[in-house]
Amino acid sequence: MESTVSLSILALLLLGLSQAIPLMEPQPVDITAKILTINNGSRQLLVEGDIFIPRTRNALVCPSNNCFWKKSGNGVVRVPYTVSADFSSSDMTVITGAMAKFHSKTCIRFVPRSTESDYISIENKSGCYSSVGKTGGKQVVSLSLNGCVYHGIVEHELNHALGFYHEHTRSDRDSYVKINWQNIDTAMQYNFNKENTNNLNTHYDYSSVMHYSNTAFSINGQDTITPIPDSSVEIGQRKELSAIDIQRINILYKC
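Residues numbered from 1 in each chain as written. Predicted model: local features only at pLDDT ≥ 70, side-chain atom pairs only at ≥ 80, totals over all residues. Heavy atoms only, no water.

**Student:** What exactly am I supposed to notice about the state of the cysteines here?
**Tutor:** Two cysteines joined by a covalent bond between their sulfur atoms form a disulfide. Per the counting criterion, the structure on display carries two disulfides. The disulfide bridge from Cys107 ends at Cys255, spanning 2.0 Å between sulfur atoms. Its torsion about the S-S bond being -65°, the disulfide of Cys107 and Cys255 is classed as left-handed. In this pair, Cys107 is assigned in the loop between α3 (89-105) and β4 (108-112) and Cys255 in the segment after α5 (243-252), connecting sequence segments 148 residues apart. Disulfide partner of Cys128: Cys148, at an S-S distance of 1.9 Å. Residues Cys128 and Cys148 share a disulfide whose torsion about the S-S bond is about -85°; that sign makes it left-handed. (Disulfide = S-S within 2.5 Å. Helix = DSSP H or I, 4+ residues; strand = E, 2+ residues; numbered from the N terminus.)

**Student:** Any chance you could explain α5 here in plain terms?
**Tutor:** Since the α-helix turns once every 3.6 residues, residues separated by three or four places project in the same direction. Residues of α5 that are buried: Ile244, Asp245, Ile246, Arg248, Ile249 and Leu252. Buried-residue contacts for α5 involve α3, β4 and α4 (151-162). Just beyond α5, the residue with positive phi is Lys254, at close to 50°. (Buried < 20%, exposed > 50% of the residue type's maximum accessible area, 1.4 Å probe, protein only. Contact = heavy atoms within 4.5 Å.)

**Student:** It is not clear to me how the nonpolar core should be interpreted in this structure. Could you clarify?
**Tutor:** Nonpolar side chains in soluble globular proteins generally cluster together in the buried interior. In this structure, Ile108, Phe110, Ile120, Ile122, Leu143, Leu162 and Tyr253 are the most contacted members of the largest nonpolar core, which totals 36 residues. The set of elements that each furnish at least two residues to this core consists of β3 (77-83), α3, β4, β5 (119-123), β7 (138-143), α4 and α5. Looking at this core element by element, the count peaks at five residues for α4. In terms of nonpolar packing, the next biggest core, distinct from the first, is built from 11 residues, Ile179, Tyr212, Ile225 and Ile235 among them. (Core = buried A, V, L, I, M, F, W, Y, C linked by side-chain atoms within 4.5 Å.)

**Student:** It is not clear to me how the pattern of salt bridges should be interpreted in this structure. Could you clarify?
**Tutor:** Should their charged atoms come close, side chains of opposite charge can pair. For the structure on display, the rule yields 10 salt bridges. Across the salt bridge formed by Asp118 and Lys134, the nearest N and O atoms sit 3.6 Å from each other. Of this pair, Asp118 sits in the loop between β4 and β5 while Lys134 sits in the loop between β6 (128-129) and β7, and the two are 16 residues apart along the sequence. A residue is classified by how much of its surface remains accessible, and Lys134, at 8% relative accessible area, is buried. It is possible to trace a salt-bridge network through shared partners that takes in Glu167, Arg170, Asp172 and Arg248. (Salt bridge = Lys/Arg side-chain N within 4 Å of Asp/Glu carboxyl O.)

**Student:** Got a minute to help me understand the packing of aromatic side chains in this structure?
**Tutor:** Each pair of aromatic rings is reported with the distance of its centres and the angle of its planes. Per the stated rule, a full pass over the model turns up six aromatic pairs. Consider the rings of Trp181 and Phe192, whose centres lie 6.3 Å apart with planes at 75°: the pair is edge-to-face. Of the two residues, Trp181 is situated in the loop between β8 (177-179) and β9 (225-227) and Phe192 in the loop between β8 and β9; the sequence distance between them amounts to 11 residues. Note on Trp181: relative accessible area 35%, which makes it partly exposed. Through pairs of rings, three or more aromatic residues link up here, namely Tyr176, Tyr204 and Tyr206. Just above the ring of Tyr119 sits the side chain of Arg113; from NZ or CZ to the centre is 4.0 Å. (Phe/Tyr/Trp six-rings, centres within 6.5 Å; stacked < 30°, edge-to-face > 60°. Lys NZ or Arg CZ within 6 Å of the ring centre and 35° of its normal.)

**Student:** In this structure, what is going on with the environment of Glu123? I would like to understand it.
**Tutor:** Assignment of secondary structure puts Glu123 in strand β5. Glu123 gets classed as buried once you look at its relative accessible area, which sits at 12%. Expressed as a C-alpha distance, the spacing of Glu123 and Leu145, which sit 22 residues apart in the sequence, is 9.2 Å. When neighbours within four sequence positions are excluded, Glu123 is seen to be in contact with Ser84, Phe87, Lys138, Val140, Val141, Ser142, Leu143 and Ser144. Of note is the side chain of Glu123, whose polar atom sits 3.1 Å from the side chain of Lys138. (Polar contact = N/O pair within 3.5 Å; in protein donor to acceptor, adjacent residues only side chain to side chain.)

**Student:** I'm lost on the packing of α3 against α4 in this one. Help?
**Tutor:** Between two packed helices, what matters for the description is the angle formed by their axes and the separation of those axes. For the pair α3 and α4, interaxial distance at closest approach is 9 Å and the crossing angle is 55°. Taken together, the axes of α3 and α4 are oblique relative to one another. As for the relative orientation of α3 and α4, their crossing is right-handed in sense. Counted together, Val94, Ile95, Gly97, Ala98, Met99, Lys101 and Phe102 of α3 and His151, Val154, Glu155, Leu158, Asn159 and Leu162 of α4 form the full contact between these two elements. Per-class residue counts for the contact of α3 with α4 are eight nonpolar, three polar and two charged. (Axes fitted to C-alpha atoms, helices over the stretch in contact; angles between N-to-C directions. Parallel < 35°, antiparallel > 145°, perpendicular 65-115°, else oblique. Left-handed = near helix turned anticlockwise from the far one by under 90°. Nonpolar A, V, L, I, M, F, W, Y, C, P; charged D, E, K, R; others polar.)

**Student:** Help me understand the pairing of β4 in this model?
**Tutor:** Side chains on a regular strand alternate between the two faces of the sheet. Sheet topology note: the β3/β4 ladder contains five bridges and is parallel. The partner of Val79 across the bridge, within β4, is Phe110. Regarding topology, α3 serves as the crossover connection from β3 to the parallel β4, and that connection is right-handed. (Pairing = 2+ DSSP bridges. Right-handed = clockwise from strand over helix to strand, strands pointing away.)

Below you can see the structure in the form of structure tokens.
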């Protein structure tokens, strides 16, 4: 009897604790790991892990401005979009929440498409990927339901569509990171080629949502990207647009 009473008291205590202590929030998703893992099985030809090709230009070096989304007379840059019916209401909450970050910090406005000929089409394809900049006509931003619908990943792919490459491939990267070629499969080394980017007079940003993590494309678990001179600097953050990401959007689009 005494044993039964003790167990009952213990059960009540545990129940009380479970109600008093909130459930732990899930750990932030590792953008790099998610994107590269999912895209490993993609049927598309992708570079740098999630950039859809063919690429004919770098949106940040675009003299004719035909690879930028156009600004309207009121200073707003409208990016029309459609979304596949594959996405649930909870998926849409994530997607529109990511869009809202751009809306609150920049002059970019993602707006449902009406009759615009140039627009992004958010679809459930085989991976997480996007073209860079405005390509003209319908351009797919793929957010596979098999792991791409996370706030940081949606922001990452939408930022590609606005015209931004990955931070570790910008033209001056060798002053800020060391690429450890020996840890990268030779067939994958093209993913670390530098781009001819206009860096908009902004600092290299280790905290950019566009920066890949230390072990991206690693064949042995060792670092492929090492910050210099301080190798302990964190790279490949997985939450959302950084302050410099936002600054660059505002400079590029003259917000």
